[in-house]
Amino acid sequence: MSAATDRQWAVRDAVLGWLVAKAAEGYRSPILDPDAIGDTVGWVPSPLTRDEVADASNYLYREGYLTGVPVMGLGIPRPMLTVAGRRFAESRKSLRLNEDSRDTAATAR
């Protein structure tokens, strides 16, 4: 995989982790903010961009890990974790591992 793909998966994991942290603080539908996400999850690589965070929120929405109202170019500006999203985030697994296991199962059929 490429560095860009690795980063994309890491951003998705960061957004999901941030949502769990915000929910634990009592914020069920926080405003999607790249800087806040980076600060909360201890993001070390180059700063998150709005586009990366929007793409990550769209992915999480499509996969059923969060809910909200999609806005063109902004992703899901005020996302809320679903039960599936909370369970997955609390498992502390990477979304990428979950996707890889689904791909493997699909090709085995």
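What counts as what
Residues numbered from 1 in each chain as written. Predicted model: local features only at pLDDT ≥ 70, side-chain atom pairs only at ≥ 80, totals over all residues. Heavy atoms only, no water. Axes fitted to C-alpha atoms, helices over the stretch in contact; angles between N-to-C directions. Helix = DSSP H or I, 4+ residues; strand = E, 2+ residues; numbered from the N terminus. Parallel < 35°, antiparallel > 145°, perpendicular 65-115°, else oblique. Contact = heavy atoms within 4.5 Å. Phe/Tyr/Trp six-rings, centres within 6.5 Å; stacked < 30°, edge-to-face > 60°. Buried < 20%, exposed > 50% of the residue type's maximum accessible area, 1.4 Å probe, protein only. Lys NZ or Arg CZ within 6 Å of the ring centre and 35° of its normal.

Engineer: I would appreciate a short explanation of the packing of helix α1 (residues 3-24) against helix α2 (residues 34-41) in the present structure.
Structural biologist: Between two packed helices, the angle of one axis relative to the other and the distance separating the axes together describe the packing. It is the contact of α1 with α2, at a shortest axis distance of 9 Å, that shows an interaxial angle of 80°. Classified by the interaxial angle, the pair formed by α1 and α2 is roughly perpendicular. Across from Ala-14, Val-15, Gly-17, Trp-18 and Ala-21 in α1, the residues of α2 making contact are Ala-36, Ile-37, Thr-40 and Val-41.

Engineer: I tried to follow the packing of aromatic side chains on my own but got confused; where do I start?
Structural biologist: The description of an aromatic ring pair rests on the distance of the ring centres and on the angle between the ring planes. A complete count under the given rule lists two aromatic pairs for this structure. A centroid spacing of 5.5 Å and a plane angle of 80° characterise the contact between Trp-9 and Tyr-59, whose relative ring orientation is edge-to-face. Within this pair, whereas Trp-9 is found in helix α1, its partner Tyr-59 is found in helix α3 (residues 50-62), the two being separated by 50 residues in sequence. The class for Trp-9 is buried, based on a relative accessible area of 11%. Ring geometry for Tyr-65 against Phe-88: centres 5.4 Å apart, planes inclined by 40°, an arrangement best described as tilted. Pair noted here: Tyr-65 is in the loop between α3 and β1 (66-67) and Phe-88 is in helix α4 (residues 83-90), with a separation of 23 residues, a long-range link. Residue classification places Tyr-65 among the buried positions, given a relative accessible area of 8%. When the ring centre of Trp-9 is taken as reference, the NZ or CZ atom of Arg-12 above it lies at 4.4 Å. The ring of Tyr-59 is capped by Arg-12, whose NZ or CZ atom sits 3.8 Å from the centre of that ring.

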